[in-house]
Amino acid sequence: MELSPTALAEAEFESLLMQNSAIVRAASWIVPFKKTVYAGGESAKADLAIIAHDYEEWVVVEVEMKRHDLHRHVIPQINTLRKGLYGQEHASYLASKCKDLDAAKISDMLRGEAPEVLVLVNKYDDEWGREIRRYGAHRMTFEIYRSEQSNRHIFAIDGELPPVSQDVLSELSFGLVPRCLSVKSPARLDFKPGEKVSILVDGQMTFWERFDTANQCFVTPIGTMPIEQGKKYALVRMENQQYAITTIN
């Protein structure tokens, strides 16, 4: 028997999601994330965060009931969460919500690229799907049924989460800081700020150093910059554990 969209309070819906995190995304934690996020003069609070076990990436989750207004409530929330600034106060909040999380890795993770935004709704709707995609977020429908025989919850899931990268430690990009590459997923790096590492570029050995600011992580070459701007790059670990920088198609 399908439950009505009004049968569960939003808090009950969130609790069910956290209890069944593995069917939403494997190898991840789902934790409460009700810390205010600011973007310009706007503010918003998400509901949950999905954090990969390898800390490579994270997703901010806005849990919405179908009865909420799409254009006056949901879309403004998406815009603020996508453009928001995430700092140490958010890292500390997340680390406090799950004993399995590593506070240092969470801090590193938030120095990387801003999270994707997922709208998780309890009833499918074509218009919601179109509009959420149009505003740069992802949509997943999580419909709940209750077995009359066993009184257990059964879930039907539709939609998609942001894709998980494979075999890539982090994407790298040129930014405003000269001779530096911004690291999208700092928590995946196993070398610390100030540490020098060897990285293959086009088959040639080069040497790089990591440094962190309050909100970002960078790698910079020791010597001449061996790669050119205008392309997308990734830091990968090869089978022999050697690092390499490769282009992304």
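Whatever comes next refers back to the structure up there.
Residues numbered from 1 in each chain as written. Predicted model: local features only at pLDDT ≥ 70, side-chain atom pairs only at ≥ 80, totals over all residues. Heavy atoms only, no water.

### Considering the environment of V183
We count it as follows: Secondary structure is summarised from DSSP: a helix means a run of H or I of at least four residues, a strand means a run of E of at least two, and numbering begins at the N terminus for each. Working rule for contacts: check all heavy atoms of both residues, and any pair within 4.5 Å makes them a contact.
Mapped onto the elements, V183 comes out in strand β10 (residues 181-183). V183 sits 35 residues away from F218 along the chain, and the two C-alpha atoms are 5.4 Å apart. The residues touching V183, leaving out its near neighbours within four places in the chain, are R111, G112, E113, S170, E171, L172, L189, C217, F218 and V219.

### Considerations on helix α3 (residues 70-83)
The following threshold applies: Take the residue count of a helix, subtract one, and multiply by 1.5 Å to get its expected span. Think of it in three bands: residues with accessible area under 20% of the maximum for their type are buried, residues over 50% are exposed, and the middle band is partly exposed, with areas taken using a 1.4 Å probe on protein chains only.
In a regular helix each residue adds 1.5 Å, so 14 residues correspond to 20 Å; α3 covers 19 Å between its end C-alpha atoms and thus fits that length. When we look at burial in α3, the residues that qualify are L70, V74, I75, Q77, I78, T80 and L81. Lining the buried residues of α3 we find β2 (36-39), β3 (42-45), β5 (58-64), β6 (116-121) and α6 (126-134).

### Focus on unusual backbone geometry
In this structure, Y55 takes a positive phi of about 60° despite not being glycine. Its place among the elements puts Y55 in the loop between β4 (48-52) and β5. For R179, which is not glycine, the phi dihedral falls at a positive 60°. Structurally, R179 is set in the loop between β9 (170-174) and β10.

### Overview of the side chain of H138
Note the threshold: Polar contacts here mean pairs of N or O atoms no more than 3.5 Å apart (in protein, one a potential hydrogen donor and the other a potential acceptor; neighbouring residues in sequence count only if both atoms are side-chain atoms).
Relative to the assigned elements, H138 resides in strand β7 (residues 138-146). Look at H138 and you get buried, because its relative accessible area is 15%. At 3.3 Å, the side chain of H138 and the side chain of E116 are in polar contact.

### Focus: helix α5 (residues 103-110)
Buried within α5 we find I106, S107, D108, M109 and L110. Elements that come into contact with the buried residues of α5 comprise β4, β5, α4 (88-96) and β12 (204-212). The N-cap residue of α5 is D102: its side-chain oxygen and the backbone nitrogen of A104 are 2.9 Å apart.

### A few points about the nonpolar core
For clarity, the threshold we go by: In these notes, a set of buried Ala, Val, Leu, Ile, Met, Phe, Trp, Tyr and Cys residues joined through side-chain atoms within 4.5 Å is what counts as a nonpolar core.
Counting 32 residues, the largest nonpolar core has F33, I51, W58, L94 and I106 as the members making the most contacts within it. Mapped onto this core, the elements with two or more residues apiece are β1 (28-32), β4, β5, α3, α4, α5, β6 and α6. With sequence-adjacent residues up to four places away left out, L94 is seen in contact with V31, P32, F33, A49, I51, W58, L101, I106 and L110. Counting residues in hydrophobic clusters, the runner-up holds 18 residues, among them L172, V197, V219 and I245.

### Considerations on the pattern of salt bridges
Our working definition: Only one rule defines a salt bridge in this text: a Lys or Arg side-chain nitrogen within 4 Å of an Asp or Glu carboxyl oxygen.
Enumeration over the complete set of coordinates arrives at 15 salt bridges. The shortest N-O distance in the salt bridge between K34 and D47 comes to 3.1 Å. One end of the pair, K34, is in the loop between β1 and β2; the other, D47, is in the loop between β3 and β4, and 13 residues separate them in sequence. Residue K34 is classed as partly exposed on the basis of its relative accessible area of 35%. A relative accessible area of 6% means that D47 is categorised as buried. Among the charged side chains, a salt-bridge network with shared partners connects D108, R111, R210 and D212.

Worth remembering: the numbers are spatial, not functional.
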